[in-house]
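A look at the structure
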Amino acid sequence: MSDFQSEASDLLPSISSNVAGEPSRTVKQQPQPESMLKSFLAGGVGGVCVVLVGHPLDLIKVRMQTGVGGSVLGMFADTFRQQGIRGLYRGVSAPLIGVSPIFALSFWGYDVGQRFVRWSTGHEGELTLTHKCIAGGLSAIPTTIVMAPVERIKCLLQTSSAGQYRGFSDCAASVYRSGGVTSLYRGTILTLLRDGPGSVAWFGMYEFTKKAMMQAQGMEDTSQLSPIAVLTAGGLAGIANWSIAIPPDVLKSRFQSAPDGTYKNIADVYRQLVQKEGHGALFAGLRPAMLRAFPANAACFMGMEVARKALSFMD
């Protein structure tokens with residue numbers, strides 16, 4: 001009798017898991033979206049990494065774009081010889097103060113963009129590369145709100161004579177006194193024209209490279225990628241971004257650093273630049289931008305991914 005009861009109890013779980021004779025199924029749940037706050041904070045960490053690694057070459061880029069002559073190595077060596085390491089990090093206060101929220105907004109905007117794409121298309125499951133590129137482009141909209149005034153102040157600090165401004169706050173106050181909020185946001189449209197297409201290329205190349213590496217190694221989860229793979233994907237993303245962002249960046253740097261009244265509008269910046277220096281001037285600063293692109297953006301995405309893992313408890 002006890003043997004019969006034991007066999008019956010073993011059968012009960014399998015019987016109760018079936019309704020009307022249907023076989024039991026394992027329901028595959030859709031992955032839950034990550035916390036947008038986590039995306040915001042991780043992006044801020046990535047932004048700090050960008051500045052610390054890339055600012056010296058960004059300094060050279062802006063100076064070349066605003067008419068200062070010389071080679072990349074020559075300008076780098078002259079600045080270091082005359083002003084030391086502090087000279088290479090001149091104007092770093094502006095991006096350090098502004099870049100953390102800028103990159104935080106960028107990655108947060110990318111997250112929001114992906115959610116918007118899912119909502120507008122009804123897409124379920126993993127987004128396609130095209131969807132992610134669209135989300136990347138959308139991320140530039142909130143980012144520009146903070147990016148434009150920071151870029152304005154950074155360009156002024158990097159191209160000003162020694163002692164003209166005491167620092168970020170002094171420069172910002174001077175700009176505000178001279179023209180109010182409008183002056184602080186001078187060059188906003190050019191900033192968006194640079195960062196919209198640039199963000200499409202930036203996020204698109206990062207996602208494409210990660211996917212290609214995963215397929216090549218037979219992986220199913222991005223968390224399995226090695227640090228070298230993340231650094232490579234981030235570096236290539238930076239190169240893709242600056243490959244298309246340099247011309248609007250040149251126009252932006254000229255417009256934001258010029259004295260009031262130099263240009264009538266954005267079209268006038270382009271017209272004067274081409275008339276005086278030719279179309280080649282639209283690519284001024286390409287070499288330092290490219291030299292900076294790989295290490296700075298590799299550091300950005302690595303910092304972001306490390307922060308995401310550290311903040312995984314927020315999901």
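Residues numbered from 1 in each chain as written. Predicted model: local features only at pLDDT ≥ 70, side-chain atom pairs only at ≥ 80, totals over all residues. Heavy atoms only, no water.

Listed in UniProt under the heading Subcellular location (unreviewed entry), the comment for the protein reads: "Mitochondrion membrane". One UniProt comment on the protein, placed under Sequence similarities (unreviewed entry), says "Belongs to the mitochondrial carrier (TC 2.A.29) family." (UniProt positions renumbered as here; feature names shortened; annotations may be inferred.)

With their axes 10 Å apart at the nearest point, helix α2 (residues 36–65) and helix α5 (residues 129–159) run at an angle of 80° to one another. The angle between α2 and α5 falls in the class roughly perpendicular. Taken together, the residues of α5 that come into contact with α2 (itself represented by His55, Asp58, Leu59, Val62 and Arg63) are Lys154, Cys155, Gln158 and Thr159. Here the residues of the contact of α2 with α5 are counted per class, giving three nonpolar, three polar and three charged. (Axes fitted to C-alpha atoms, helices over the stretch in contact; angles between N-to-C directions. Helix = DSSP H or I, 4+ residues; strand = E, 2+ residues; numbered from the N terminus. Parallel < 35°, antiparallel > 145°, perpendicular 65-115°, else oblique. Contact = heavy atoms within 4.5 Å. Nonpolar A, V, L, I, M, F, W, Y, C, P; charged D, E, K, R; others polar.)

One number sums up the size of the largest pocket: a volume of about 1500 Å³. Lining the largest pocket are 47 residues, and of these Glu34, Gln114, Lys132, Thr222 and Arg308 lie nearest its centre. A total of eight residues in the lining of the largest pocket trace back to one element, the largest contributor, which is helix α7 (residues 188–217). Counted by class, the lining of the largest pocket contains 19 nonpolar, 12 polar and 16 charged residues. Approximately 300 Å³ is the volume found for the second largest pocket. Forming the boundary of the second largest pocket are 17 residues, of which Arg86, Tyr89, Arg90, Gly91 and Tyr165 lie nearest the centre. Here the lining of the second largest pocket gets three residues from one element, more than from any other, and that element is helix α3 (residues 72–88). Residue composition of the lining of the second largest pocket, grouped by class: five nonpolar, nine polar and three charged. (1 Å grid on protein atoms, 1.4 Å probe; cavity = no way out; pocket = protein on both sides within 12 Å on 5 of 7 lines; lining within 4 Å. Points joined across faces, edges and corners; volume = space filled by probe spheres on them.)

What follows deals with the packing of α5 against helix α6 (residues 168–184). The contact between α5 and α6 brings their axes to 10 Å, and the two run at 125°. The angle between α5 and α6 places the two elements in the oblique class. In this structure, α5 crosses over α6, and the sense of that crossing is right-handed. Within the contact between the two elements, α5 uses Ala148, Pro149, Arg152, Ile153, Leu156 and Leu157 and α6 uses Phe168, Cys171, Ala172, Val175, Ser183 and Leu184. Taken together, the residues of the contact of α5 with α6 sort by class into 10 nonpolar, one polar and one charged. (Left-handed = near helix turned anticlockwise from the far one by under 90°.)

Turning our eyes to something else, we now look at empty space enclosed by the protein. Once rolled over the atoms, a probe with the size of a water molecule shows which space is left empty. Under the criterion given, the structure shown has one cavity of 30 Å³ or more. Around the largest cavity, the lining comprises 27 residues; the ones closest to its centre are Phe103, Met147, Arg194, Trp242 and Arg292. Elements that contribute at least two residues to the lining of the largest cavity include exactly α2, α4 (93–121), α5, α7, α8 (227–257) and α10 (286–310). Take the lining of the largest cavity: its biggest share by element is six residues, from α5.

Mapped onto the elements of the fold, Ala172 is located in helix α6. On the basis of relative accessibility, which here comes to 17%, the residue Ala172 falls in the buried class. Among all residues touching Ala172, those that are not within four sequence positions of it are Ile153 and Leu184. (Buried < 20%, exposed > 50% of the residue type's maximum accessible area, 1.4 Å probe, protein only.)

Enumeration according to the criterion identifies 10 aromatic pairs in this entry. Ring centres 3.8 Å apart and planes at 20° place the aromatic pair Tyr206 and Phe301 in the stacked group. Taken together, the residues Tyr206 in helix α7 and Phe301 in helix α10 connect sequence positions 95 residues apart. Take Tyr206 and Phe301: they sit in the same class, and that class is buried. Ring centres of Phe255 and Tyr263 lie 6.4 Å apart, and the angle between their planes is 45°; on these two criteria the pair is classed as tilted. Tyr263 shares its class with Phe255; the two are buried. An aromatic cluster of at least three residues, connected via ring pairs, comprises Phe103, Phe107, Tyr110, Trp202, Phe203, Tyr206 and Phe301. Of note, Arg186 hangs over the ring of Phe255, and the distance from its end group to the ring centre comes to 4.8 Å. (Phe/Tyr/Trp six-rings, centres within 6.5 Å; stacked < 30°, edge-to-face > 60°. Lys NZ or Arg CZ within 6 Å of the ring centre and 35° of its normal.)

Per-residue pLDDT for the protein averages 84, and the proportion of residues at 70 or more is 89%. Of all helices and strands in the protein, the one with the weakest mean pLDDT is helix α1 (residues 2–16) (44), whereas α7 scores best (95). (pLDDT = per-residue confidence, 0-100.)

To continue, consider the side chain of Asn241. With respect to the helices, strands and loops of the structure, Asn241 is situated in helix α8. Those residues within four positions of Asn241 in sequence are excluded, and the remaining contacts are Gly198, Ala201 and Trp202.

What follows covers the pattern of salt bridges. One pass over the full model with this rule turns up 16 salt bridges. Between Asp170 and Arg166 there is a salt bridge; the shortest N-O distance is 3.4 Å. Lys210 is the partner of Glu305 in a salt bridge, and the nearest nitrogen-oxygen pair spans 3.7 Å. With Glu305 in helix α10 and Lys210 in helix α7, this residue pair connects regions lying 95 residues apart in the sequence. When sorted by exposure, Glu305 lands in the same class as Lys210, which is buried. (Salt bridge = Lys/Arg side-chain N within 4 Å of Asp/Glu carboxyl O.)

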